[in-house]
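# Observations on the three-dimensional arrangement
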Amino acid sequence: MPLSEAKKQKQREAKAVLEGFWGQAFKFNQPKPLKVGILEDMVEDAKARNLPFDLEIIKAALKLYVHRYLYQKAVRKGSERIGLDGQPAGEVTDEQKAYAKTQTKNLDGKQKWRKKASQPQNEAKPDVTQSDA
């Protein structure tokens, strides 16, 4: 099942918000692990800059970003986290890498299931188990 148009629109909006206002940290095509606690930094920054985003909007965009396969893959492989300014802001722990590995496996499984579900079913096949005796 392909993504619904509504979900695609939410992803486009999240990308516009994150890359548009915090482009040093958010790169959808080449994500890097984010600083633990970056949500609070984003809310503070939005308030300081008088951006029209509240906690719920920022949280929803961030959730879409971090649950993506490419982001989880970056966490699985990464050692350094970055802050809003794109500068180093902590390390990815072994436990976090293991969790990201589990997440990427789960996402792989969902993708395979969706691909299989979207393929047309084979046409009815004749029953070859019966013989004409």
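Just above, that's the structure.
This text gives an overview of the structure that appears in the document.

The rules we used
Residues numbered from 1 in each chain as written. Predicted model: local features only at pLDDT ≥ 70, side-chain atom pairs only at ≥ 80, totals over all residues. Heavy atoms only, no water. Phe/Tyr/Trp six-rings, centres within 6.5 Å; stacked < 30°, edge-to-face > 60°. Buried < 20%, exposed > 50% of the residue type's maximum accessible area, 1.4 Å probe, protein only. Helix = DSSP H or I, 4+ residues; strand = E, 2+ residues; numbered from the N terminus. Expected span 1.5 Å × (residues − 1). Arc of directions from axis to C-beta. Contact = heavy atoms within 4.5 Å. Core = buried A, V, L, I, M, F, W, Y, C linked by side-chain atoms within 4.5 Å. Axes fitted to C-alpha atoms, helices over the stretch in contact; angles between N-to-C directions. Parallel < 35°, antiparallel > 145°, perpendicular 65-115°, else oblique. Left-handed = near helix turned anticlockwise from the far one by under 90°. Nonpolar A, V, L, I, M, F, W, Y, C, P; charged D, E, K, R; others polar.

## Section: the packing of aromatic side chains
- All chains considered together, the criterion is met by five aromatic pairs.
- With a centroid separation of 6.3 Å and 55 degrees between ring planes, the pair formed by Phe 21 and Trp 22 is classed as tilted.
- Residue classification places Phe 21 among the partly exposed positions, given a relative accessible area of 31%.
- You can call Trp 22 buried: its relative accessible area is 3%.
- Seen in terms of ring centroids, Phe 26 and Tyr 65 are 4.9 Å apart; in terms of plane orientation they differ by 80 degrees. Their pairing is edge-to-face. Taken together, the residues span a long stretch of sequence, with Phe 26 in the loop between helix 1 (5-21) and helix 2 (38-48) and Tyr 65 in helix 3 (residues 55-66) at a distance of 39 residues.
- What makes Phe 26 buried here is its relative accessible area of 1%.

## Details of helix 3
- A rise of 1.5 Å per residue sets the reference length of helix 3, with its twelve residues, at 16 Å; its end C-alpha atoms lie 16 Å apart and thus fit the reference within 8%.
- Those residues of helix 3 that fall on the buried side of the exposure criterion are Ile 58, Ala 61, Leu 62, Tyr 65 and Val 66. Angular distribution of buried residues about the axis of helix 3 spans 125 degrees; they occupy a single face of the element. What points out from helix 3, more than 90 degrees from its buried face, is the exposed set Glu 56 and Lys 63.
- Summarising the contacts, the buried residues of helix 3 are in contact with helix 1, helix 2 and helix 4 (69-77).

## Digging into the nonpolar core
- The biggest cluster of nonpolar side chains holds 26 residues, and the ones touching the most others in it are Trp 22, Phe 26, Leu 34 and Met 42.
- Sorting the residues of this core by element identifies helix 1, helix 2, helix 3 and helix 4 as the ones contributing at least two each.
- Here Phe 26 is in contact with Leu 18, Glu 19, Leu 34, Met 42, Leu 62, Tyr 65 and Leu 84, once residues within four sequence places are set aside.

## Quick word on the packing of helix 2 against helix 3
- Taken N-terminus to C-terminus, the directions of helix 2 and helix 3 make an angle of 135 degrees; their axes are 10 Å apart at the nearest point. Comparing their axes, helix 3 and helix 2 come out oblique. Here helix 2 and helix 3 pass one another in a crossing that is right-handed. Contact residues: Ile 38, Leu 39, Met 42, Val 43 and Ala 46 in helix 2; Leu 55, Ile 58, Lys 59 and Leu 62 in helix 3.
- Here the residues of the contact of helix 2 with helix 3 are counted per class, giving eight nonpolar, no polar and one charged.

## What about the environment of Phe 21?
- With respect to the helices and strands, Phe 21 occurs in helix 1.
- Note: C-alpha distance between Phe 21 and Leu 51 (30 residues apart in sequence) is 9.0 Å.
- Ignoring any residue separated from it by four or fewer positions in sequence, one finds Phe 21 in contact with Ala 16, Arg 49, Leu 51 and Phe 53.

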